[in-house]
Each structure stands twice: as structure tokens, then as C-alpha cells.
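For reference, the chains in residue letters:
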Amino acid sequence: MRIYNGQKGLVDVPGSTSILNNLDKQFLGFARAKEAAQCAWDDLGTLLPWYAAGKEKAFVNHVKGAATRKWGEASDIGTAVHELAEKLLKGQQLGNFHPDLRGFVEHTEKFIKEFEVEPVEIEATCWNETVGYAGTADLFAKVGGEVICADFKTGASGVWPEVALQLASYCHAEFLVDPDGERRPIPETNGAAAISLRPDHYKVVPVRVDDEVFEIFKHLVHVSNWQRTVSKSVLGAAVEPGTSGDN
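So, here's what we can say about the structure.

Rules of the game
- Residues numbered from 1 in each chain as written.
- Predicted model: local features only at pLDDT ≥ 70, side-chain atom pairs only at ≥ 80, totals over all residues.
- Heavy atoms only, no water.
- Axes fitted to C-alpha atoms, helices over the stretch in contact; angles between N-to-C directions.
- Helix = DSSP H or I, 4+ residues; strand = E, 2+ residues; numbered from the N terminus.
- Parallel < 35°, antiparallel > 145°, perpendicular 65-115°, else oblique.
- Contact = heavy atoms within 4.5 Å.
- Nonpolar A, V, L, I, M, F, W, Y, C, P; charged D, E, K, R; others polar.
- Core = buried A, V, L, I, M, F, W, Y, C linked by side-chain atoms within 4.5 Å.
- Buried < 20%, exposed > 50% of the residue type's maximum accessible area, 1.4 Å probe, protein only.
- Polar contact = N/O pair within 3.5 Å; in protein donor to acceptor, adjacent residues only side chain to side chain.
- Expected span 1.5 Å × (residues − 1).
- Arc of directions from axis to C-beta.
- Salt bridge = Lys/Arg side-chain N within 4 Å of Asp/Glu carboxyl O.
- Phe/Tyr/Trp six-rings, centres within 6.5 Å; stacked < 30°, edge-to-face > 60°.

This part is about the packing of helix α3 (residues 44-52) against helix α4 (residues 56-64). Interaxial distance between α3 and α4 falls to 8 Å at its minimum, and their mutual angle equals 150°. In terms of orientation, α3 and α4 fall into the roughly antiparallel class. Packed against α3, whose contacting residues are Leu47, Trp50 and Tyr51, the element α4 presents Ala58, Phe59, His62 and Val63 at the interface. Taken together, the residues that form the contact of α3 with α4 break down as six nonpolar, one polar and no charged.

Structure, rendered in C-alpha cells:
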């Protein structure tokens, strides 16, 4: 992500969520395969004429892209829900929104009311300049009488353990940074939680973000640095017999 850093201007800093992409996600391969198989079954009426007409590329691309289409729709819903939640937390008018999001809105309102949520920071950019990462925390707020760092999750699969790494990165950041580059202290927190929002319910899931969890996140930062920079410099040009080269 890009951050304004005073006289240095805009700088590129690895984002917390992109760093988490370095986790093993082998299960996604099985999930993609399942979506492709389900697509082939559901859309057989469309696919058979393509097969008969020899439209191999259209056939393959349609089946291959099943997971991307489905997950892209889920991502769009997540983005819309986050924007509506931000407005609710700020006490702003929501305006018009898609009827399919009504349940998400109602349960966001229930969460705010039932846990007596008092926002401290909303959509705050957290930066750890020493470790070398930044990220945007959905919410720092007083919830149930304690200040926590929270992240909204809208997926049907609920909350996954890696959210602990994400929230730990926010809680262990060195400061908040505003769009103009001004640095501010990170709110002191008593813990962290993932807020699972669905059309028919919400759940508040406590999340451990202690030093052990943060140490693991820092290892992922090193892996991210390998992927982004170091890996691009370790291979030299091929050498011919009789010449010398670096190993």
C-alpha cells in the first residue's frame, strides 16, 4: 500500500493482507476444483452446444473461471458491507443500497447497539516502520467496556485463524498515519475480535494477538520480502563451459 511519509513523499509499504497471501492455502485448490465441477454440472445446457460447435476455449474458460466469478461476487459484497458499516459507525446516512445487503446492515446495527460500540478509530492506517509493513484496521472501539481492535468478516465460511495474524499486525504497529503523513499514537487495546457479519446473524469472535502471534506475522513479512525483492536477484545469467560464474 502507498503511504505519505513526510518529505519522502509517497512510499510503497507491504500491506498486512497481501503479506498473509504467503500462507499455505492449498485448500483453495480443492475449493476451485469443486466450483469448476459444480459449474460444469449446473451449466451443462450452455456447455454442450459449445462442445458440439468446437468452442473449446469458451468451454474451458467458462468452467475454469467459476471460482473467480463466485468469489469476485463475494468480494464485491464484502466491500459494500464494509462501506455501509463505516457509515453506520460514523453516524452517517446510508443512502440507497442493494436490497440484498439489508440483512448485513441490520446485523451491523444490532452489533453496534447490543455491544454499545463506541468508535475510537475507523478505517485507520497502522504502520510499523521498523518491521516494514502497514495495514488498514476496520475499527478500534470501546466494546463492552474495553477497547479492542476489530475486523469485519462477511464470508459464508465465517472466521479463519489467519485473522489473528492480521489483527496482530494492527495491534503491534508503531503508530497510525493519516493521509497527509501525520503520525498519531496507536490506541491502547485490551484485545481483538473478528466480527462475522451475515444476512441472518452476527458473531463476535475473540482473537488472540499476543507476542507469539505477532512473531509469526513477522516471519511472513520476511517471506514477503523474499517474494517481492530478494527472489528476483538470486539467479545469475547462464554460463558456458570454460567460463566462470557465480553459483
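Let's pick the thread back up.
In this structure, Cys126, Tyr133, Cys149, Leu167, Val207, Val209 and Phe217 are the most contacted members of the largest nonpolar core, which totals 27 residues. Broken down by secondary-structure element, the contributors of at least two residues to this core are β3 (118-128), β4 (133-143), α7 (163-171), β8 (191-198) and α8 (211-228). By residue number, the principal contributor to this core is α7, which donates seven residues. Not counting residues up to four positions away in its chain, the partners in contact with Phe217 are Ser16, Ile19, Leu20, Tyr133, Leu165 and Ser169.

Relative to the elements of secondary structure, Glu121 occurs in strand β3. Other than its neighbours up to four places away in sequence, Glu121 contacts Asp138, Leu139, Phe140, Leu176, Arg184 and Pro187.

Turning to the side chain of Asp151, a few remarks are in order. On the secondary structure map, Asp151 appears in strand β5 (residues 146-153). A polar contact is formed between the side chain of Asp151 and the side chain of Lys153, at a distance of 3.0 Å. Every residue in contact with Asp151, bar those within four places of it in the chain, is listed here: Asp138, Gln166, Leu167, Tyr170, Ala193, Ala194 and Ile195.

Turning next to α8. With 18 residues, α8 should reach 26 Å at 1.5 Å per residue; the first-to-last C-alpha distance of 25 Å fits that figure. Of the residues making up α8, those classed as buried are Val213, Phe214, Phe217, Leu220, Val221 and Ser224. Around the axis of α8, the buried residues are gathered within 115° of arc, so they sit on the same side. With respect to the buried face of α8, the exposed residues turned more than 90 degrees away are Asp211, Glu212, His219 and His222. Residues of α8 that are buried make contact with α1 (16-19), β3, β4 and α7.

All told, the structure shown has 10 salt bridges when counted by the stated rule. Where Glu86 meets Lys90, a salt bridge forms, and the shortest distance between an N and an O atom there is 2.8 Å. Of this pair, Glu86 and Lys90 both sit in helix α5 (residues 66-90), four residues apart, which is roughly one turn of that helix. Look at Glu86 and you get partly exposed, because its relative accessible area is 22%. Residue class for Lys90 comes out partly exposed when judged on its relative accessible area of 43%. A salt bridge links Arg183 to Glu129; the nearest nitrogen and oxygen atoms lie 3.1 Å apart.

Here we take up the packing of aromatic side chains. Taken as a whole and assessed by the stated rule, the structure comprises eight aromatic pairs. On the numbers, 5.6 Å between centres and 75° between planes, the contact of Trp127 with Phe175 is edge-to-face. Pair noted here: Trp127 is in strand β3 and Phe175 is in strand β6 (residues 175-177), with a separation of 48 residues, a long-range link. For Trp127, a relative accessible area of 4% corresponds to the buried category. In textbook terms, an aromatic cluster arises when at least three aromatic residues are bridged by ring pairs, as seen for Phe111, Phe115, Phe152 and Tyr202.

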